[in-house]
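Take a look at the letters that make up each chain.
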Amino acid sequence: MTRSLKTLLAASIALGTVGVATAASAQPYVVMPVVINPQACDLYAQNYATGHAGPKNRQVIVGTLLGAGAGFLVGGFGFGAPGVGAAVGAGVGALGGAAIGNPQWNAAYNAAFSACMQGYALPY
């Protein structure tokens, strides 16, 4: 046998061995389905909105504290009952804060929930 024939034979045996080994160990490409779950998207959207806009009830807390402080001052100086004034002020402030809501939180939540239901994730 000539030298080039031996080289050609050795190369074809090596390539054939590699090809058979590769074909035997190859796994088929499987795409795992993405299951969109409204409960998981709700949790994701809540975490996303809280991370971007702060707590959902921030306006209620701020309104309660401001109302209690103002009620304490008005009730104490105007009517001589700072405790009653603080309680009434806190209630009015909480209702006002709840009425205002947190529009930034709601917008972030809606965007994240919508993206999640479409199969996307928003960057943090």
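Residue positions within a chain follow its written sequence, with the count starting from 1. Given that the model is predicted, a residue must reach a pLDDT of at least 70 before its local features are reported, and side-chain atom pairs must reach 80 or more before they are shown or counted; all residues, however, enter totals for whole chains, interfaces and linings. Note: side-chain values were computed over all heavy atoms of the structure, leaving out hydrogens and water.

Caption draft 1: Just the packing of helix α3 (residues 58-79) against helix α4 (residues 82-100), in detail. Only the stretch in contact is used when fitting a helix axis, every axis being a line fitted to C-alpha atoms; angles between N-to-C directions are given from 0 to 180 degrees. We count a stretch as a helix when DSSP gives it H or I for four or more residues in a row; a strand needs E for two or more, and each element gets its number in order from the N terminus. Where α3 contacts α4, the two axes come as close as 6 Å, and the packing angle between them is 150 degrees. When the axis of α3 is compared with that of α4, the two are roughly antiparallel. As α3 runs across α4, the sense of the crossing is right-handed. Contacts between α3 and α4 involve Gln59, Val60, Gly63, Thr64, Gly67, Ala68, Gly71, Phe72, Gly75 and Gly76 on the former and, on the latter, Pro82, Gly85, Ala86, Gly89, Ala90, Gly93, Ala94, Gly97 and Ala98. Here the word oblique covers every angle except those under 35 degrees (roughly parallel), over 145 (roughly antiparallel) and from 65 to 115 (roughly perpendicular). Each helix crossing is assigned a hand: it is left-handed if the near helix lies turned anticlockwise from the far helix by less than a right angle, otherwise right-handed if that turn is clockwise. Any pair of residues with heavy atoms lying within 4.5 Å of one another is described as a contacting pair.

Caption draft 2: Structural view of the state of the cysteines. The rule for a disulfide is simple: a pair of cysteine sulfur atoms within 2.5 Å. Per the stated rule, a full pass over the model turns up one disulfide. Put simply, Cys41 and Cys116 are joined by a disulfide, and their sulfur atoms are 2.1 Å apart. Its S-S torsion of approximately -75 degrees makes the covalent link between Cys41 and Cys116 left-handed. Highlighted residues: Cys41 in helix α2 (residues 38-53) and Cys116 in helix α5 (residues 103-117), separated in sequence by 75 residues.

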